[in-house]
Amino acid sequence: MDGYMTISQVSRQYQISARMLRHYEKLGMIASTRRENYAYRVFDQEAVKRVRQIVILRRFRIPLKKIREMMEGTREDAIRILEERLRDVDEGAETVRTMREALFRLLELLRTEEGDPMEALDDPEAERLVRLLPMEKHQLKEEKAMSVTKEMIEKDGCVRVLMLPPATMAAYQYIGERPEEHMEEVMTPFIQNSGLYLKKPDARYFGFNHPDPEEGNPVYGYEVWVTIPDDMEVPAPLVKKRFPGGLYAAYTISFPDFFEWPFLYQWAERNEQYEPAMAPREERNMGGALEEHLNWVYSAHMGWPENGIDGKLDLLLPIRRREK
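Residues numbered from 1 in each chain as written. Predicted model: local features only at pLDDT ≥ 70, side-chain atom pairs only at ≥ 80, totals over all residues. Heavy atoms only, no water.

Visitor: Would you mind going over the packing of aromatic side chains with me for this structure?
Guide: Within a pair of aromatic rings, the relevant descriptors are the distance that separates the centres and the angle that separates the planes. Per the stated rule, a full pass over the model turns up 5 aromatic pairs. Ring centres of Trp225 and Phe243 lie 5.5 Å apart, and the angle between their planes is 50°; on these two criteria the pair is classed as tilted. Of the two residues, Trp225 is situated in strand S7 (residues 220-227) and Phe243 in strand S8 (residues 239-243); the sequence distance between them amounts to 18 residues. By relative accessible area, Trp225 is classed as buried at 13%. Among the aromatic residues, those joined into a ring-pair cluster are Phe208, Trp225 and Phe243. (Phe/Tyr/Trp six-rings, centres within 6.5 Å; stacked < 30°, edge-to-face > 60°. Helix = DSSP H or I, 4+ residues; strand = E, 2+ residues; numbered from the N terminus. Buried < 20%, exposed > 50% of the residue type's maximum accessible area, 1.4 Å probe, protein only.)

Put into structure tokens, the structure is as follows:
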């Protein structure tokens, strides 16, 4: 394993979730490999370096699409993207001033040095400034204590309160490496072969960690539910379940912005009418929270047309009315 790191090791070192690492790989931004006689996929030093660069640029709140442009493009592309981000950053709080300083430093390096533009991220002074910026977190439990910011307050109006009705679900759970990827391999054929979209055009698709990831353990589980007609039979390995419904706070994100989970939790903690109603932690199922993949059933039914899905999800947090 000399020179290689597991997903779990990279996840711990850079404080990002294994799920996000898999998404980077799916986008073609990094690549993993499987070593002989080793159970898990690993990253070589070049991939680890790329992860570090992505993490730094995400601290500047640069979208993954733009980061990919920087990785694949020219020095001029990288300069343009950083200049665009700099124009978006207003003077103000200490963190914002630090972000501007770091962006200025990176732009100076890009304009004066030759070679790979991404190497500017290894400059000691730029790295020192970047380390002062807040890390993005991707685990709900790690972010509950996140401070309330002006940005959060502005987003409050985007939260909806909705009642999910009781429903019959076709459910599938997988525990192992890359559990989310197994969902599509099972659910897409079921949706297509059963003609689910034709039988239930309002079918909805939900997912959640089950069991939740644990520190030091790269293996965890993911479970998905798709709503089906009450009398529909489901083939193994799917099982039928009855969802009781409930009250939820909903907030729409673009995939893969799961770092928005803490905002939704804090919205519920601050709200005067509602409060979080999470399931007991020992159940290890995201506390009953759900991720609804919008347009998923239609897109799976249609064979994933290019314009069939917009990459949006609803984060759904269980809530209840506060007692007066």
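The discussion continues.
Visitor: How should I be thinking about the sheet that holds strand S2 (residues 33-34) in this particular structure?
Guide: The antiparallel open sheet is built from 3 strands, whose spatial order is S1-S3-S2. Here the strands that pair on one side only, and so sit at the sheet edges, are strand S1 (5-6) and S2. Where S2 and strand S3 (residues 41-43) come together, 2 bridges link them in antiparallel fashion. Directly across from Thr33, in S3, lies its bridge partner Val42. (Pairing = 2+ DSSP bridges.)

Visitor: What exactly am I supposed to notice about the nonpolar core here?
Guide: One recurring pattern in soluble globular proteins: nonpolar side chains tend to sit buried together. In this structure, Leu21, Leu57, Phe60 and Leu82 are the most contacted members of the largest nonpolar core, which totals 41 residues. Broken down by secondary-structure element, the contributors of at least two residues to this core are helix H1 (7-14), helix H2 (18-26), helix H3 (45-59), helix H4 (64-72), helix H5 (75-88) and helix H6 (94-112). Core analysis: the next-biggest nonpolar cluster, separate from the first, contains 31 residues, Val159, Ala171, Ala268 and Leu315 among them. (Core = buried A, V, L, I, M, F, W, Y, C linked by side-chain atoms within 4.5 Å.)

Visitor: Honestly, the pattern of salt bridges in this entry has me stumped. Any pointers?
Guide: Oppositely charged side chains can pair when the atoms bearing their charge come close. Enumeration over the complete set of coordinates arrives at 13 salt bridges. Here the salt bridges share partners, and the residues they tie into one network are Lys66, Glu69, Asp77, Arg80 and Glu84. (Salt bridge = Lys/Arg side-chain N within 4 Å of Asp/Glu carboxyl O.)

Visitor: Sorry if this is basic, but what is going on with the pairing of strand S9 (residues 246-254) here?
Guide: If a strand is regular, its side chains alternate between the two faces of the sheet. Both strand S4 (residues 160-164) and S9 contribute to a ladder of 5 bridges, which runs antiparallel. Paired with Arg160 across the two strands is Ala250, which belongs to S9. Two strands pair when backbone bridges link them, and S9 and strand S12 (residues 312-321) are joined in this way by 7 bridges, in the antiparallel orientation. Its bridge partner being in S12, Thr252 is matched across the sheet by Asp314.

Visitor: Would you take a moment to explain H3 for this structure?
Guide: Owing to its 3.6 residues per turn, the α-helix aligns residues three or four sequence positions apart on the same side. The end-to-end C-alpha distance of H3 is 21 Å, a good match for the 21 Å that 15 residues give at a rise of 1.5 Å each. The buried fraction of H3 amounts to 12 of the 15 residues, a majority that puts the element mostly inside the structure. Those residues of H3 that sit buried are Ala47, Val48, Arg50, Val51, Arg52, Gln53, Ile54, Val55, Ile56, Leu57, Arg58 and Arg59. N-cap assignment for H3: the residue whose side-chain oxygen lies 3.2 Å from the backbone N of Glu46 is Asp44. (Expected span 1.5 Å × (residues − 1). Polar contact = N/O pair within 3.5 Å; in protein donor to acceptor, adjacent residues only side chain to side chain.)

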